[in-house]
Each structure stands twice: as structure tokens, then as C-alpha cells.
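Listed below, chain by chain, are the residues.
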Amino acid sequence: MANKALHIASQALSILLYPLFIPTYGTILYCFALQQNNPMLNAIFWLFAIAGSVVFTLVIPLSAIAIMIRKKQVSDIFISNPKERTIPYIYTACCYGFWCYFLHTILHVSQFFFLAAVGAMVALLLVTLINRKWKISAHLCGLGGLTGGLIAYALTIGQMPSFGIVSLVLGVALILMYARLYLNEHTDWQVVAGYLLGIVCTLLPNLIAIYV
């Protein structure tokens, strides 16, 4: 009974932190951060930012994956078989490219968020390449990208993240790592490498922009 509950919880967490959800989560956090500094932030901005992220990074890629499942080109929504990941991942990376264009030219988001979005796209392309030889975790890469974005934001505004936020993010990452390991989807190194790759890809461009 306990094992069944743990399996269900691991599956639920894998769905909640599904990689295609992460850009939308990041956009919502970005809007909240802007609202703190600008209480009069137009609600239209919220609407366009979140709707655009949902369309470009969730609806379009997920629709393509659903079609591929129906045609039996991929086995499941998580694309558990790494040999099936190349085409849907490349297609999703292209969608991320349009998302970056949307953020930059339509919404005129801040440099840190734009660079984080570009980093997320680069991370996905790297995951695509790595997965041809080694099943690095896309789930942890997505969460790592969100972590890197939070760190980049803190550095941009000139203050370190609070201990509570750091603890929460790391705690969620550890729980997700355990969930993916429990489901036998990855090895220890694959989840750790995915998380670190996500952090580096979204944080490094911002570090270069800030300090170089």
C-alpha cells in the first residue's frame, strides 16, 4: 500500500513539474516580481506574458507530442524512451525560439528574463544531443533552469535569494530527483547532471551580461 502511494506521488510530482510547465511557472514568478517593483503593472501584460508562454511552450509542443503518441511515434507523454526524444525535443526547442522572440519583441521583457528564456532553449537543445547517448533528466533540467533564473534575478537586483527560497527550491529539486529515481526513469548522475545543466544554461548568460 505504501509503495503504491509513493508511486502515485512520484507520478503526480512528475506531472506537476513536467518540463513544459516550467516556462509558464517562471513567467508567473517574473510577473509577480515585476508587480512588487511596479504595483501599477498593467493586467494586460500579465495576460499576454502568461498566455504567450502557455501557447508557445506548452500548448503547441504538447499538441505535437499528443499527435506523435496517436501515430505511435512516441510511447507516452513523458517520452520515456530516449530514442524517441530527438524530433519532439527539436520541435519544442523551435517553439521556445518563437517564445523568446515573443518575449523580446512583443513584451520587451527585461534582459535577465530574456537571457534565461534563451538559456532554457539552449538547455533543451543540449538535452536533445546528450540523450542520443545518455538519458539525462529533462525534468531536472527544467527545474534547474527555473533555479538558475531565480538566482539570475537575485543577482540582477543586487541581493542574494532568501534562505527560505533557497531551501524551498533545493528541497523541491531533491524530492523530484527521488521521484524520478523511484520510477526508475534515471540514474543518480542523470538527475544531478540534468539539474546542473539547467542551472548553468539559464544562469551563465546572465552572469556574462552582469559581470563582463
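Nothing here was measured: the structure is a model prediction, and the numbers come from that model.

**Some words on the overall build of the protein chain**
Step number 1: Each helix and strand counted, the protein chain has 8 helices and 0 strands in total.
Step number 2: In sequence order, the secondary structure elements of the protein chain are arranged as α-α-α-α-α-α-α-α.
Step number 3: The C-alpha radius of gyration computed for the protein chain amounts to 17 Å, which stays within 12% of the reference 17 Å derived for 212 residues, consistent with globular compactness.
Step number 4: Across its three principal axes, the protein chain shows a C-alpha extent of roughly 50 × 40 × 35 Å.
Step number 5: The 212 residues of the protein chain split such that 44% are buried.
Step number 6: Intrachain contacts of the protein chain at a sequence separation of at least 6 include 74% that bridge at least 24 residues.
Step number 7: Accessible surface, the protein chain as shown: approximately 11400 Å² in total, 74% of it carbon and sulfur.
Step number 8: If you average the places of the 10 positive and of the 4 negative side-chain charges in the protein chain, the two averages end up 8 Å apart.

**Points about the pattern of salt bridges**
Opposite charge on two side chains lets them pair, provided their charged atoms get close.
Step number 1: Taken as a whole, this structure holds 1 salt bridge when the rule is applied.
Step number 2: Residue Glu185 pairs with Lys135 through a salt bridge whose shortest N-O separation is 3.0 Å. With a gap of 50 residues between them, Glu185 in the loop between helix H7 (163-182) and helix H8 (188-211) and Lys135 in the loop between helix H5 (111-130) and helix H6 (138-156) connect regions that are remote in the sequence.
Step number 3: On the accessibility criterion, Lys135 (15% relative accessible area) is buried.

**Some points on the packing of H5 against H6**
Step number 1: Contact geometry for H5 and H6: axes closest at 10 Å, N-to-C directions at 155°. If you check the angle between H5 and H6, you find them roughly antiparallel. Relative to H6, the crossing made by H5 is right-handed. Seen from H5, the contacting residues are Phe112, Ala123 and Val127; seen from H6, they are Ala138, Cys141, Gly149, Ala152, Tyr153 and Thr156.

**Brief notes about the packing of aromatic side chains**
Step number 1: Taken as a whole and judged by the stated rule, the model has 12 aromatic pairs.
Step number 2: Here Phe21 and Tyr25 contribute two aromatic rings whose centre-to-centre distance is 6.3 Å and whose plane-to-plane angle is 50°, an arrangement assigned as tilted.
Step number 3: A relative accessible area of 24% places Phe21 in the partly exposed class.
Step number 4: Clustering of aromatic rings is evident, with ring pairs tying together Tyr30, Tyr96, Trp99, Phe112, Phe113 and Tyr153.
Step number 5: Between the NZ or CZ atom of Arg180 and the centre of the ring of Phe78, over which it lies, the distance is 5.6 Å.

**What about the side chain of His186?**
Step number 1: As for its placement among the helices and strands, His186 is situated in the loop between H7 and H8.
Step number 2: Polar side-chain contacts of His186 include one of 2.9 Å to the backbone oxygen of Lys135.
Step number 3: When residues no more than four places from it in sequence are discounted, the contact partners of His186 are Lys135, Ile136, Ser137, Arg180, Leu181 and Val191.

**Brief notes about unusual backbone geometry**
The bulk of non-glycine residues show a negative phi, and the bulk of peptide bonds are trans.
Step number 1: In the Ramachandran plot, Lys72 falls in the positive-phi region, its phi being about 65° despite a non-glycine side chain.
Step number 2: Of note in this structure, Asn184 is not a glycine but carries a positive phi near 60°.
Step number 3: Among the structural elements, Asn184 can be located in the loop between H7 and H8.

**Remarks on the packing of H6 against H8**
Step number 1: Following both chains from N to C, one finds H6 and H8 inclined at 25°, their axes separated by 6 Å at the closest point. On the basis of the axis angle, H6 is roughly parallel to H8. Relative to H8, H6 is oriented so that their crossing is right-handed. Between H6, through Leu140, Cys141, Leu143, Gly144, Gly145, Thr147, Gly148, Gly149, Ile151, Ala152, Leu155 and Thr156, and H8, the contact on the second element is made entirely by Val191, Gly194, Tyr195, Leu197, Gly198, Ile199, Thr202, Leu203, Asn206, Leu207, Ile210 and Tyr211.
Step number 2: Residues of the contact of H6 with H8, tallied by class, amount to 14 nonpolar, 10 polar and no charged.

**What about the side chain of Thr147?**
Step number 1: Of note, Thr147 is situated in helix H6.
Step number 2: Separated by 2.9 Å, the side chains of Thr147 and Tyr195 make a polar contact.
Step number 3: When sequence neighbours within four positions are dropped, the list of residues in contact with Thr147 reads Val169, Tyr195 and Ile199.

Rules of the game
Each chain has its residues counted from 1, running along the sequence as written. Per-residue local features are limited, in this predicted model, to residues with pLDDT of at least 70; the limit for side-chain atom pairs, both in listing and counting, is 80 or more; totals at the level of whole chains, interfaces and linings are taken over all residues. In computing side-chain properties, one takes all heavy atoms of the structure into account and sets aside hydrogens as well as water. A run of H or I in DSSP counts as a helix once it spans at least four residues, and a run of E counts as a strand once it spans at least two, with each numbered from the N terminus. Two things to know: the radius of gyration comes from C-alpha atoms, and the globule rule equals 2.2 Å times the number of residues to the power 0.38. Think of it in three bands: with a 1.4 Å probe and only protein chains considered, a residue is buried below 20% of the maximum accessible area for its type, exposed above 50%, and partly exposed in between. Contacts between residues were defined by any pair of non-hydrogen atoms, one from each residue, lying within 4.5 Å. Computed with a 1.4 Å probe, the accessible areas rest on the Shrake-Rupley method; for each residue, only the protein chains presented here act as cover. As used throughout, the charge tally considers Lys and Arg to be positive and Asp and Glu to be negative, leaving His and the chain termini uncounted. To locate a charge, take NZ of a lysine, CZ of an arginine, CG of an aspartate or CD of a glutamate. Any carboxyl oxygen of Asp or Glu that lies within 4 Å of a side-chain nitrogen of Lys or Arg is treated as forming a salt bridge with it. Lines fitted to the C-alpha atoms define the axes, with helices restricted to the stretch that makes contact. Angles between their N-to-C directions range from 0 to 180 degrees. Here roughly perpendicular refers to angles of 65 to 115 degrees, roughly parallel to angles under 35, roughly antiparallel to angles over 145, and oblique to all remaining angles. Crossing handedness is defined as follows: a turn of the near helix away from the far one that is anticlockwise and smaller than a right angle gives a left-handed crossing, while the clockwise case is right-handed. Any two rings among Phe, Tyr and Trp, with Trp reduced to its six-membered ring, count as a pair given centres within 6.5 Å; such a pair is stacked if its planes are under 30 degrees apart, edge-to-face if over 60, and tilted if neither. Should the NZ of a Lys or the CZ of an Arg lie within 6 Å of a ring centre and within 35 degrees of the ring normal, that charge is described as sitting over the ring. Nitrogen and oxygen atoms within 3.5 Å of one another constitute a polar contact, given that in protein one can donate a hydrogen and the other can accept it, and given that sequence-neighbouring residues count only through two side-chain atoms. All amino acids are sorted into three groups, where Ala, Val, Leu, Ile, Met, Phe, Trp, Tyr, Cys and Pro are nonpolar, Asp, Glu, Lys and Arg are charged, and the leftover types, Gly among them, are polar.

Any functional reading would require information beyond the geometric quantities listed.
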